[in-house]
Number of protein chains: 2
Amino acid sequence: MARAELLRQQSTHLALAELKAACANCNLREICLPAGLTTAELDQLDTMVDVRRKIKRGESLYRAGEPFDSIYAIRSGFFKARVTYEDGRDQVTGFSMAGEILGLDGIGQGKHNCDAVALEDSEVCSIPYSRLEELSREINGLQRHFHKVMSREIVRESGVMMLLGVMRAEERIAAFLLNMSQRLAARGYSPLEFHLRMTREEIGSYLGLKLETVSRAFSKFHNDGLIQVEQKFVRIVDIDGLKEVYAHHVS
Amino acid sequence: MARAELLRQQSTHLALAELKAACANCNLREICLPAGLTTAELDQLDTMVDVRRKIKRGESLYRAGEPFDSIYAIRSGFFKARVTYEDGRDQVTGFSMAGEILGLDGIGQGKHNCDAVALEDSEVCSIPYSRLEELSREINGLQRHFHKVMSREIVRESGVMMLLGVMRAEERIAAFLLNMSQRLAARGYSPLEFHLRMTREEIGSYLGLKLETVSRAFSKFHNDGLIQVEQKFVRIVDIDGLKEVYAHHVS
DNA sequence: AGGGTCATTTGATCCATATCAACACGCCGG
DNA sequence: CCGGCGTGTTGATATGGATCAAATGACCCT
């Protein structure tokens, strides 16, 4: 897999074209569907969006073990996915921003296998899975698109495997920052200046590092003139330098 | 996620009931489908299996970048999935044994994003994806089942994330052995005595460890009376002891 | 404004695993 | 039978990141 691709694929994202105005007007038609459907089909889709739901910072959209019945289109806000193990330790398994789809982890098990926790006040649209399944049979493009979204999730995770399996700390952080930047750009947000919504500890948990290591890497990048960091605010100053760190990869 | 579940979910496996005689008589009906379909539907399914293909040890079933058009049911043999990065380094992203499904990595991208390499002489059945998609619309249970298989892949990978993100070397090896054992059991093979099909280096690559570390862990488990290892042959002597190592997890 | 809590930074030390190195074993082809 | 190569084992050493520790700063609540 080309490295550039790896970056691109690290989110369950939707193509820019599929996303126009997604946040301004949340319905399935705009958030998670491919173009090329007939008007009648689009109308059918609109009937699928069940409810909008507001989730306050720190609250869970769903929790591991809860029955799975819907997937969610994030209208606004920011989430982390978290798995808690028996011994009480937990691990962040992903971050999701506005315009992305959440809840795929539940498909096929009948229940969710991670918690989705809002990192800031957020709003989502529920999409009942049974309706989606039903409609998938009727609308050709929808099924294909949905499989695409699912498989992107698979590919995303295999990108994370590389992160965790072969990259070293600074490379992981660089990859993380570049990935955030790309995902923000894909949603029309500024890709070079943004607020991290998560703590150093959450970043570390996601990347398989300790919070101190994350902090040190940020400091080092700052001192090296690659980024400017202040608390959760990040400005990418030298994106090529960052890419070099990411690609440096000792052989 | 319960730890036991984690183990269970680490393969793209199929329920035992779905699998009866899978290897003796490879067709889609037996290998990858849920019960409960009508005879007519089953007959339709049989038409989907395109070709059987033999792959010699060391050869690739498919390679990253090749166009994706089929998924594969492994009739016999053993495969590893491998991703090669730009700098020439590669990582093993999974192992697949007889009765499991291979090739899901290609769905949605139109091309495969990893190599599937046979670790021993193997035989697979191709299942053209377009046919599968088509039929999914016609047969209710098939679509649901297929989503299930895909999402199991997602869950599997999140199990691997835990491996790579939070476990230490010996825990990873224990988890790996227990997972192999379970998957073998699910296919009716002896779960306590088996041949690893892969080298220490391949195991290490999969688990994010170096081959020496894998070797040392095996030696230690051997000395501790948990397993007997000789080259690629493994006998699990004290499976509870192994589970303890796996669950030991320093907090 | 004052006090508590949580997030972050930075330094010092430790340790698990990588790395380097040497040797043993099995397998294959000559 | 020999030599070479791939694989595996084991020991010695190096090191990246974890861990421990302390201080600072941001934010919230009253």
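Along every chain, residues carry numbers that run from 1 in the direction the sequence is written. Written order decides the labels, with chains lettered from A and ligands numbered from 1. Totals for whole chains, interfaces and linings use every residue, but because this is a predicted model, local features are given only for residues with pLDDT of at least 70 and side-chain atom pairs only at 80 or more, for both listing and counting. As a convention, hydrogens and water are excluded, and side-chain values are obtained from all of the structure's heavy atoms.

Caption draft 1: View of the confidence of the model for chain A. Residues and elements named next belong to chain A. On a range of 0 to 100, pLDDT expresses the predictor's confidence in each residue. When pLDDT is averaged across chain A, the result is 81; 78% of the residues are at 70 or more. Throughout residues 1–27 the model reports pLDDT below 50, and contacts reaching past four residues in sequence, or to other chains, amount to 85 contacts. Any two residues whose heavy atoms approach within 4.5 Å at even a single point are treated as in contact. Counting interchain partners and residues more than four positions distant, the pLDDT-below-50 stretch residues 30–35 has 25 contacts. Across the predicted assembly, pTM comes out at 0.84 and ipTM at 0.83.

Caption draft 2: Main features of the protein's contact with DNA strand D. A:Ala169, A:Lys210, A:Thr213, B:Arg200 and B:Ser219 are the nearest of the 18 residues found near DNA strand D. Restricting the count to atoms of DNA strand D within 4 Å of the protein gives a sugar and phosphate share of 62%. Here a polar contact is recorded for every N or O atom pair within 3.5 Å, except that within protein the pair must consist of a potential hydrogen donor and a potential acceptor, and residues adjacent in sequence are included only if both atoms are side-chain atoms. Measuring from a phosphate oxygen of DNA strand D, one finds a backbone N or O atom of A:Ala169 at 2.8 Å. Contact between DNA strand D and B:Arg200: a phosphate oxygen at 2.8 Å from a side-chain N or O atom of the residue. Sorting the residues of the surface near DNA strand D by element identifies helix 8 (211–223) of chain A together with helix 8 (211–223) of chain B as the ones contributing at least two each. For this classification, Asp, Glu, Lys and Arg are treated as charged, while Ala, Val, Leu, Ile, Met, Phe, Trp, Tyr, Cys and Pro are nonpolar and the rest, including Gly, are polar. Partitioning the surface near DNA strand D into residue classes produces 3 nonpolar, 7 polar and 8 charged. We call a residue near a given molecule or strand whenever any one of its heavy atoms falls within 4 Å of it. Under the DSSP-based scheme used, a helix requires at least four consecutive residues in state H or I and a strand at least two consecutive residues in state E, with every element numbered from the N terminus.

Caption draft 3: Summary view of the relation of the copies chain B and chain A. Here the copies are matched by least squares. The fit uses the C-alpha atoms of residues with pLDDT of at least 70 in both. With an RMSD of 0.0 Å, the fit of chain B onto chain A corresponds to turning through 180° and sliding 0.0 Å along the axis. When the rotation and shift are considered jointly, the pair of chain copies conforms to a two-fold rotation axis. Identified as the residue of chain B closest to the rotation axis by C-alpha distance is B:Arg137, at 2.2 Å. Both copies share a contact surface, since 100% of the interface residues of chain B are interface residues in chain A too.

Caption draft 4: Layout of helix 8 of chain B. Residues and elements named next belong to chain B. By this rule, a helix spans an expected 1.5 Å times one less than how many residues it contains. Taking 1.5 Å as the rise per residue, helix 8 with 13 residues should run 18 Å; its terminal C-alpha atoms sit 18 Å apart, in good agreement. Think of it in three bands: with a 1.4 Å probe and only protein chains considered, a residue is buried below 20% of the maximum accessible area for its type, exposed above 50%, and partly exposed in between. All of the buried residues in helix 8 are Val214, Ala217, Phe218 and Phe221. The arc that holds the buried residues of helix 8, viewed along the axis, is 100°, so those residues lie on one side. Away from the buried face of helix 8 by more than 90 degrees, exposed residues Arg216 and Asn223 are located. A positive phi of about 75° marks Gly225, the residue just after helix 8. What the arc describes is the spread of directions from the helix axis to the C-beta atoms.

Caption draft 5: Just the packing of aromatic side chains, in detail. Pairing of aromatic rings covers Phe, Tyr and the six-membered ring of Trp, with a centre-to-centre limit of 6.5 Å; geometry is then stacked below 30 degrees between planes, edge-to-face above 60, and tilted otherwise. One pass over the structure, following the stated rule, counts 12 aromatic pairs over all chains. Judged by centre distance (5.3 Å) and plane angle (65°), the ring pair of B:Phe95 and B:Tyr206 falls under edge-to-face. With B:Phe95 in strand 4 (residues 90–97) and B:Tyr206 in helix 7 (residues 200–207), this pair connects stretches of sequence that are 111 residues apart. We note that B:Phe95, like B:Tyr206, is buried. Ring-pair connections join several aromatic residues into one group, and the members of that group are A:Phe78, A:Phe95, A:Phe176 and A:Tyr206.

Caption draft 6: Representation of the domain arrangement of chain A. Residues and elements named next belong to chain A. Domain annotation of chain A identifies domain 1 (9–159) and domain 2 (167–250). On the domain 2 side, the residues contacting the 23 residues of domain 1 number 14 residues. The quantity reported as buried area is the accessible area (1.4 Å probe) lost by two parts once they are put together, taken as the sum for both. Roughly 1,600 Å² of surface becomes buried between domain 1 and domain 2 when both sides are summed, with 54% attributable to carbon and sulfur atoms. A side-chain nitrogen of Lys or Arg and a carboxyl oxygen of Asp or Glu constitute a salt bridge if their distance falls within 4 Å. Between domain 1 and domain 2 we count 4 salt bridges in total. With a closest N to O distance of 2.9 Å, Arg197 and Glu120 form a salt bridge. Along the contact surface separating domain 1 from domain 2 lie 6 residue pairs in polar contact (both at pLDDT 80 or more). What fixes the domain bounds is an automatic or database domain assignment.

Caption draft 7: A look at the interface of chain B and chain A. Each side of the interface is counted separately: chain B has 49 residues, and chain A has 49 residues. In total, about 4,800 Å² of surface goes out of reach between chain B and chain A, with carbon and sulfur atoms giving 51% of it. Where chain B meets chain A, there are 0 salt bridges. The set of elements that each furnish at least two residues to the side of chain B that touches chain A consists of helix 1 (3–8), strand 3 (70–84), strand 4, helix 4 (129–138) and helix 5 (140–166) of chain B. Of the residues forming the side of chain B that touches chain A, the biggest block, 20 residues, is contributed by helix 5 of chain B. When its residues are assigned to classes, the side of chain B that touches chain A shows 18 nonpolar, 17 polar and 14 charged.

Caption draft 8: Main features of unusual backbone geometry. The backbone of A:Gln231 shows a phi angle near 55°, a positive value even though the residue is not glycine. With respect to the secondary-structure elements, A:Gln231 resides in the loop between strand 8 (227–230) and strand 9 (233–236).

Caption draft 9: Broad picture of the protein's contact with DNA strand C. Surrounding DNA strand C, one finds 17 residues, the nearest of these being A:Arg200, A:Ser215, A:Ser219, B:Ala169 and B:Thr213. Backbone atoms, meaning sugar and phosphate, form 62% of the atoms of DNA strand C found within 4 Å of the protein. Within the backbone of B:Lys210, an N or O atom sits 3.4 Å from a phosphate oxygen of DNA strand C. When contributions to the surface near DNA strand C are tallied by element, the ones reaching two or more residues are helix 8 of chain A together with helix 8 of chain B. The element that contributes the greatest number of residues to the surface near DNA strand C is helix 8 of chain A, accounting for 5 residues.

Caption draft 10: Examining the sheet that holds strand 9 of chain A more closely. Residues and elements named next belong to chain A. If you walk across this open sheet you meet the 3 strands as 7-9-8, and the pairing is antiparallel. One side of each edge strand has no neighbouring strand; the edge strands of this open sheet are strand 7 (193–195) and strand 8. Taken over all neighbouring pairs, the strand axes of this sheet differ in orientation by 15° on average, direction set aside. A pair of strands is labelled paired if DSSP reports no fewer than 2 bridges between them. Where strand 7 lies against strand 9, 3 bridges are found, and the strand directions are antiparallel. Inter-axis angles, ranging from 0 to 180 degrees, are taken between N-to-C directions of lines fitted to C-alpha atoms, where helices are fitted over the stretch in contact.

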